[in-house]
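This is what each chain is made of:
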Amino acid sequence: MVVCKGGEKMSEQLLEKILHVVTDIQKELQDIREEQKAIREEQKAIREEQKAIREEQKAIREEQKAIREEQKTFREELKLIREEQEALKNGQKELYDLVNALLHRQEETDAKLESLTMDVHRMHGEITAMKQEIRMLSEKVDSHYEQFNERLNNLQLDVDFTVHKTTMTERELFKMRNRLF
C-alpha cells in the first residue's frame, strides 16, 4: 500500500473524526450510565416509601381492630347498662306497687303506717341514689361515645391522607414508567 503525504493527512483527519465520534459515544454512554444510576436511586427511594406506606397501612389496620374491640366492649357495656336500667324499672314498679299496698293498709293501724312510711322514705332515697348512678352511667356512656366519634374522625382523616399519598405515588410511578419505556 502506498501512502502519500496527503493520504497521511486524510488518515489523521479520519482518525480524529473517528476519535471525536468515539469520544461523543463514550460521553453519551457515561450520561446514560448516570441516568440509569439516578433512576435506580429513585426506584430505591420509591420502594422505601412503599414499604413505609405498607407499614402505616398495617398500623391503621391494627388501630381499626382495636377500635372494633372497643366497640364490642362498648356494646357489651351498653347492654349491661340497659339490663340494669330494666331491672331498676322493674324495681321501681315493685316499689310503686308496694307503696300503694302500704297506703291502702294505712287506715288499719297507725303503728303499721309509721313503719311503712319509714320504709317508703328509705326506698325513695335508694331510688334517688339509683337515679344518680344511672345519670352518672349515662354521662360516662356519652363521654365514651364522644371519644369514640373523635377517634373515628381522626382515623377517617388518616385514611384520606393515606389514599391521597398513595394516589400521588402511583402518579409518579406512572410518569417514571412512561419515561423509561
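Procedures and definitions
Just so you know, the residues in each chain are numbered from 1, in the order the chain's sequence is written. Local features are withheld for residues below a pLDDT of 70 in this predicted model, meaning they are given only at 70 or higher, and side-chain atom pairs are given and counted only at 80 or more; totals for whole chains, interfaces and linings count all residues. For side-chain calculations, the full set of non-hydrogen atoms in the structure is used, while hydrogens and water are omitted. A patch consists of residues whose relative accessible area exceeds 30% and which take part in no salt bridge; residues with like charges are grouped when within 9 Å of each other, and nonpolar side chains (Val, Leu, Ile, Met, Phe, Trp, Tyr) when within 5 Å. Note on areas: these come from Shrake-Rupley sampling with a 1.4 Å probe, and a residue is covered only by the protein chains present in the view. Throughout this description, the term salt bridge denotes a Lys or Arg side-chain nitrogen within 4 Å of a carboxyl oxygen of Asp or Glu. Under the convention used here, Asp and Glu are negative, Lys and Arg are positive, and both His and the chain ends fall outside the count. The location of each charge is read from NZ of Lys, CZ of Arg, CG of Asp or CD of Glu. Strands here mean DSSP runs of E at least two residues long; helices mean DSSP runs of H or I at least four residues long; both are numbered from the N terminus. The buried label goes to any residue with under 20% of its type's maximum accessible area, the exposed label to any with over 50%, and the partly exposed label to all in between, with areas taken from a 1.4 Å probe on protein chains only. Pairing of N or O atoms within 3.5 Å defines a polar contact, subject to two protein rules: one partner must be a possible hydrogen donor and the other a possible acceptor, and residues neighboring in sequence count only if both atoms are side-chain atoms. Grid points spaced at 1 Å over the protein atoms alone were grouped into cavities, where a 1.4 Å probe fits but cannot get out, and pockets, open sets with protein on both sides within 12 Å along at least five of seven lines, with lining residues defined by an atom within 4 Å of a point. Grid points are joined across faces, edges and corners, and a volume is the space filled by probe spheres set on the points. Classification convention: Asp, Glu, Lys, Arg as charged; Ala, Val, Leu, Ile, Met, Phe, Trp, Tyr, Cys, Pro as nonpolar; all other residues, Gly among them, as polar.

Colleague: Even after reading the chapter, I still don't get a negative patch on the surface, so can you show me in this structure?
Modeller: On the surface, a cluster of negative charge is contributed by Glu 55, Glu 56, Glu 62, Glu 63, Asp 158 and Asp 160. Those elements that provide at least two residues to the negative patch are helix H1 (5–105) and helix H2 (110–180). Sorting elements by how many residues they give to the negative patch places H1 first, with four residues. Of note, Glu 56 is situated in helix H1. The class of Glu 56 is partly exposed, set by a relative accessible area of 37%.

Colleague: Hey, could you run me through the side chain of Thr 169 in this one?
Modeller: Within the secondary structure, Thr 169 sits in helix H2. With a relative accessible area of 11%, Thr 169 lands in the buried category. Within the local environment of Thr 169, its side chain forms a polar contact with the backbone oxygen of Lys 165, the two atoms lying 2.9 Å apart.

Colleague: I'm lost on a nonpolar patch on the surface in this one. Help?
Modeller: Together, Leu 14, Leu 15, Ile 18 and Val 22 line one region of the surface with nonpolar side chains, adding up to about 370 Å² of accessible area. Take Ile 18: its relative accessible area is 45%, and that puts it in the partly exposed class.

Colleague: Teacher, can you tell me more about the environment of Asn 149 here?
Modeller: By the secondary structure assignment, Asn 149 is in helix H2. In the structure, Asn 149 is positioned 111 residues away from Ala 38 in sequence and 46 Å away in space, judged by C-alpha atoms.

Colleague: It is not clear to me how the pattern of salt bridges should be interpreted in this structure. Could you clarify?
Modeller: When the charged atoms of two side chains lie near each other, side chains of opposite charge can form a pair. Taken as a whole and judged by the stated rule, the model has four salt bridges. Note that Arg 151 and Glu 70 form a salt bridge whose closest N and O atoms lie 2.4 Å from each other. Of this pair, Arg 151 sits in helix H2 while Glu 70 sits in helix H1, placing them 81 residues apart in sequence. Its relative accessible area of 38% is what places Glu 70 among the partly exposed residues. As a salt-bridge pair, Lys 93 and Asp 97 come within 3.5 Å of each other at their nearest N and O atoms. Taken together, the positions of Lys 93 and Asp 97, both in helix H1 and four residues apart, correspond to about one turn of that helix.

Colleague: What's the story with the layout of surface pockets in this structure? I'm lost.
Modeller: Using a probe with the size of a water molecule, rolled over the atoms, empty space left in the structure can be pinpointed. In this structure, the largest pocket spans a volume of roughly 220 Å³. Residue lining of the largest pocket: Glu 70, Gln 71, Thr 73, Phe 74, Glu 77, His 144, Tyr 145, Gln 147, Phe 148 and Arg 151, and that is the complete set. Of all the elements in the fold, those that place two or more residues in the lining of the largest pocket are H1 and H2. Along the lines of polarity and charge, the residues of the lining of the largest pocket split into three nonpolar, four polar and three charged.

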